[in-house]
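Each chain, written out:
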Amino acid sequence: MKVLKFGGTSVASAENIRNIVSIVEKNIKQGEHLALVFSAMGGVTNKLLEIGRMAAAGNDSYKELLDAIEAKHFALIKSLIPVQSQSNILALTKSGFNDLSDLLRGVSLIREFSKRTSDLTVSFGERLSTRIIAAVLTSSGISADFCDARTLIRTDHHFGMANVDFNVTNANIQEYFENRNAIQCVTGFIGQTEDGITTTLGRGGSDYTASILGAALQASVIEIWTDVDGMMTADPRKVPNAFTIPDISYAEAMELSHFGAKVIYPPSLQPAFTRNIPIKILNTFNPSFEGTLVSRSTPARAFDITGISSIDDIALVDIQGSGMIGVAGVSSRLFTALSQNSISVILISQASSEHSICFAINPEDAQRAQVVLERAFEKEIAAAQIDSISIQKNLSIIAIVGEGMRRSTGISGKLFSVLGKNGVNVVATAQGSSELNISVVISKNDLSKALNAIHGVFFQSETRSLNVFIVGAGLIGSTLLNQIASQAAYLKEERLLEINVIGLSNTRKMLLDTNGISPVTWRDSLEANGVKTSLPAFVQRIQELNLPNSVFVDCTSDKEIVQYYPMLLKSHISIVTPNKVANSGTYADYKLLRESALKYGVKFLYETNVGAGLPIISTIDGLITSGDKFLKIEAILSGTLSYIFNSFGPDLPFADAVRDAKAKGYTEPDPRDDLSGLDVARKILILAREVGVPLEPEAIKIAPLLPDNCLQAPSVDEFFRQLEISDDYFANLLADAAKSDGRLRYIASLENGNASVQLRVVDRQHPFYNLSGSDNIISFTTERYKDTPLVIKGPGAGAEVTATRVFADIISVSSFLE
Ligand code: ADP
Ligand code: ASP
Ligand code: MG
């Protein structure tokens, strides 16, 4: 004998019921003897509860909702049963709805929807669905009977979650099933008291019905057919990377389901466990998939934990008071009071000082719990031995579960570390003494982020993801996207790393998509699905999404955007950027960003602020952290100026050299933005700060490169004319340099705390003498590199090299998160 249970979604449509028929037929062909258990059609139990509450509130529109449910049931009959065989089931269904409608009219008249009436109301869900499916099976040539579980399952009067009397129930079931050849289609979820009053076994209770039947009938297996591929490492609706757990012990399955894995109702495990009957969890929509086997054995596993589950909404009650220390019986009185009032406790955490006890309950019980406890501890409160009973809401519980935790060390460390790195605050924690589970209470807002991040670290063999938000899709941004596209396969296979571009914005449009924006077709997606760019809205959305491992990539040179950096860091989002604005403002702002990154455990990376792709900032960081001291920095930090001074010579007047650089796209639209020296000043300012000199922007001495007439020219054309007029000035500079056999170089330097930018003549011995094209060069004289400075030289501009380094910074965020 096998017991097969089909859940709400499996019976929710004609197409799904056809799947059930074929699963049943296959079993019959294999010679299996079957009992079937069915839930109400998906969503019907919730709707019936809503309807009952509406009727009790005197809201007559409940009738329309009821009509809609009725129509759904009739539609099933019409599409699954041939017309000539419909009349009987149509009549039975109609009569069921008449009874239900009478009942609700009563509710509406007396304006009361008690738990007892509620149980009777929802029982129609299972009774109607099961009767229809029995008729469908019959009309498909399968010999099947409808069986109302109320005649079998005897319970107490605890409406809403009745306790089963197993002695009576088992005897009823065994007697009923004796000598029955037709397949019994049994209503899930419902039972009956000794005096014939309908009860239910708790939400999700059809699983329990199946297990009760399976145990009473000594079934070879209990199959729970649902809408997912078995019990998974986490709820697949919340954690897209979750995967099926092929084997699991009853105890583990119990812990996971107790903490929210609703794929199986926790009490269902007990009857099966007692009789050692395996439970299989299978997918009605993927019937050939093996699913999950729940049994007594625990197989060896590749991971430290078996699964993660969560309860979305809980309230935490905290009782504090010095009077509780060492007083025996406080907790026993506490929990007795709760249990006498049917308030069930999900998790308990007590500080070892016994100064406070805190426990999690269903938020619906919170108000009641407060009243109950204030009454129970009235005397202690009056005597100020208990200071307060406080209730915190909008919290969730996450539990990590697994037999493997008993054998491994460091699991809680790993759990708390990943939560910390993602900025998730742990409000309370508890570890079961069986060491089968560690639970944490966190803010509800952080639930999805925490679940995904925890899943990522504990199931390491899976690919980890970085969630990237890119602002600026100009030259650097689009080159970066190209590089992400072409490296994706390598990163996934070799580094188990996935870069998900979740948000993208250019000056016109922005797009956020949690499924990821393709780095190949992003232009089309942005055009088709993007909305008008609004930086504040973009940033707000990133914060709301609250995804783990988030990285904000600023590929602009925008001034406005940097005002959002502090709040992004505070929201535990790392920042990677070539934008110099943030680091070259006031020193206080510079410091704040670094401190925020440290405080919130995220990264702020900006290697490309100076020298494009050259490893300058990281080299300084390496030297400083290993204890070296900087004595002097000299550098050519502008690719544009480098190019101009490399081509300017006796054969090419200065004006032509600038014109040539502009034509090649090396300068800003107004070349004075480069020639003013401001950009170079910003870079040396950043370097000064990096080596520990806290300069303000005004402190950089900039020796002007251009004569006043050029600087003041009202237009770019006029500027070029003035350059030509000033040709002598530049020719003289060149001639002076030639006298000492030197070359002109625009050099930034830092020494003794003073930073300056100026045009200088360097001789043949100087390392900057030989510099070609638009290269940058930087020389560090430190205590360790005193005699021969450390020199870094290479291309100091270009979209490819800059984007590559931005990309490298993004990837380095992932190693930090491991
Ligand atoms: P049924 O109606 O078949 O009884 P339920 O809705 O009660 O189905 O349970 C199945 C649902 O449980 C899945 O759709 C899934 O979203 C949810 N779920 C939560 N945690 C898990 C988990 N660890 N593994 C599988 N499913 C889970
Ligand atoms: N129909 C009931 C519910 O929704 C029982 C079940 O589906 O298991 O809770
Ligand atoms: Mg269920």
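Located above this text is the structure these notes cover.
Calculation rules
Residues numbered from 1 in each chain as written. Chains lettered and ligands numbered in written order. Predicted model: local features only at pLDDT ≥ 70, side-chain atom pairs only at ≥ 80, totals over all residues. Heavy atoms only, no water. Helix = DSSP H or I, 4+ residues; strand = E, 2+ residues; numbered from the N terminus. Polar contact = N/O pair within 3.5 Å; in protein donor to acceptor, adjacent residues only side chain to side chain. Contact = heavy atoms within 4.5 Å. Pairing = 2+ DSSP bridges. Axes fitted to C-alpha atoms, helices over the stretch in contact; angles between N-to-C directions. Buried < 20%, exposed > 50% of the residue type's maximum accessible area, 1.4 Å probe, protein only. Arc of directions from axis to C-beta. Core = buried A, V, L, I, M, F, W, Y, C linked by side-chain atoms within 4.5 Å. Near = heavy atom within 4 Å. Nonpolar A, V, L, I, M, F, W, Y, C, P; charged D, E, K, R; others polar. Areas by Shrake-Rupley, 256 points an atom, 1.4 Å probe, with all protein chains shown as cover. Salt bridge = Lys/Arg side-chain N within 4 Å of Asp/Glu carboxyl O. Phe/Tyr/Trp six-rings, centres within 6.5 Å; stacked < 30°, edge-to-face > 60°. Lys NZ or Arg CZ within 6 Å of the ring centre and 35° of its normal.

Account for the side chain of Asn467, with residues named and values stated.
Topologically, Asn467 is positioned in strand E18 (residues 464-471). For Asn467, the side chain forms a polar contact with the side chain of Asn500, separated by 3.3 Å. Among all residues touching Asn467, those that are not within four sequence positions of it are Asn500, Ile502, Leu547, Pro548, Asn549, Ser550 and Val551.

Got a sec to walk through the sheet that holds strand E30 (residues 790-795)? Specific residues and values, please.
If you trace the six strands from one edge of the open sheet to the other, you get E26-E28-E27-E25-E29-E30, paired in mixed fashion. Strand pairing shows two members of the sheet lacking a second neighbour, strand E26 (701-702) and E30, which therefore form its edges. Where strand E25 (residues 630-636) and strand E27 (residues 743-751) come together, four bridges link them in antiparallel fashion. From the neighbouring strand, Lys632 faces E27, where its bridge partner is Glu751. Each of E27 and strand E28 (754-762) is contacted by helix H27 (residues 727-739), which is oriented at about 80° to E27, the strand it contacts most.

Could you give an account of helix H10 (residues 330-340), with specific residues and numbers?
Within H10, burial applies to Val330, Leu334, Ala337 and Leu338. Taken end-on, H10 shows its buried residues confined to a sector of 100°, consistent with a single buried face. Residues of H10 that are buried in the fold lie against strand E12 (307-320), strand E13 (345-350), strand E14 (356-361) and helix H11 (366-376). Ser342 occupies a position one or two residues after H10 and carries a positive phi of about 55°.

So what about the nonpolar core? Which residues, and what values?
Counting 107 residues, the largest nonpolar core has Phe6, Leu36, Leu137, Phe177, Met231 and Ile279 as its most contacted members. Here this core gets nine residues from one element, more than from any other, and that element is helix H5 (residues 115-139). Beyond its immediate stretch of four places on either side in the chain, Ile279 contacts Ile222, Ile224, Tyr250, Ile264, Ser268, Leu269, Ala272, Thr292, Leu293 and Val294. In this structure, Ala597, Ala635, Ala661 and Leu750 belong to the second largest nonpolar core, which totals 78 residues.

Give a detailed account of the site of ligand 2, specifying residues and quantitative values.
All residues adjacent to ligand 2 are Ser39, Thr45, Glu126, Phe189, Arg203, Gly204, Gly205 and Ser206. Within the side chain of Ser39, a nitrogen or oxygen atom sits 3.1 Å from an oxygen atom of ligand 2. The side chain of Arg203 places a nitrogen or oxygen atom 2.7 Å from an oxygen atom of ligand 2. Split by residue class, the shell around ligand 2 holds one nonpolar, five polar and two charged.

Any details on the site of ligand 1? Residues and values, ideally.
In the neighbourhood of ligand 1, 17 residues make up the surrounding shell, with Thr226, Asp227, Met232, Arg237 and Lys262 lying closest. Take Met232: an N or O atom from its main chain is 2.8 Å from a nitrogen atom of ligand 1. Surface burial for ligand 1 is 91%, taken as the share of its 570 Å² of free accessible area covered by protein chains.

Explain the pattern of salt bridges residue by residue, including any values.
Enumeration according to the criterion identifies 30 salt bridges in this entry. Where Glu252 meets Arg301, a salt bridge forms, and the shortest distance between an N and an O atom there is 3.1 Å. Residue Glu252 is located in helix H8 (residues 250-258), and its partner Arg301 is located in the loop between strand E11 (292-295) and E12; the two are separated by 49 residues in the primary sequence. Judged by its relative accessible area of 0%, Glu252 is buried. By relative accessible area, which is 27% here, Arg301 ends up partly exposed. It is possible to trace a salt-bridge network through shared partners that takes in Asp235, Arg237, Lys238 and Asp312.

Can you lay out the packing of aromatic side chains for me, pointing to particular residues and giving the numbers?
Counted by the stated rule, this structure contains 19 aromatic pairs. A centroid spacing of 6.0 Å and a plane angle of 20° characterise the contact between Phe6 and Trp225, whose relative ring orientation is stacked. Here the residue Phe6 occupies a position in strand E1 (residues 2-6), and Trp225 occupies one in strand E8 (residues 221-226), the gap between them amounting to 219 residues. Given the relative accessible area of 0%, Phe6 is considered buried. Aromatic side chains Phe243 and Phe303 sit 5.9 Å apart centroid to centroid with 50° between the ring planes, which places their arrangement in the tilted category. One end of the pair, Phe243, is in the loop between E8 and strand E9 (247-249); the other, Phe303, is in the loop between E11 and E12, and 60 residues separate them in sequence. The structure contains a cluster of three or more aromatic residues connected by ring pairs, namely Phe645, Phe648, Phe654, Tyr729 and Phe730. Lying across the ring of Phe124, Arg127 places its NZ or CZ 4.1 Å from the centre. Against the face of Tyr590 rests Arg594, its NZ or CZ located 3.5 Å from the ring centre.

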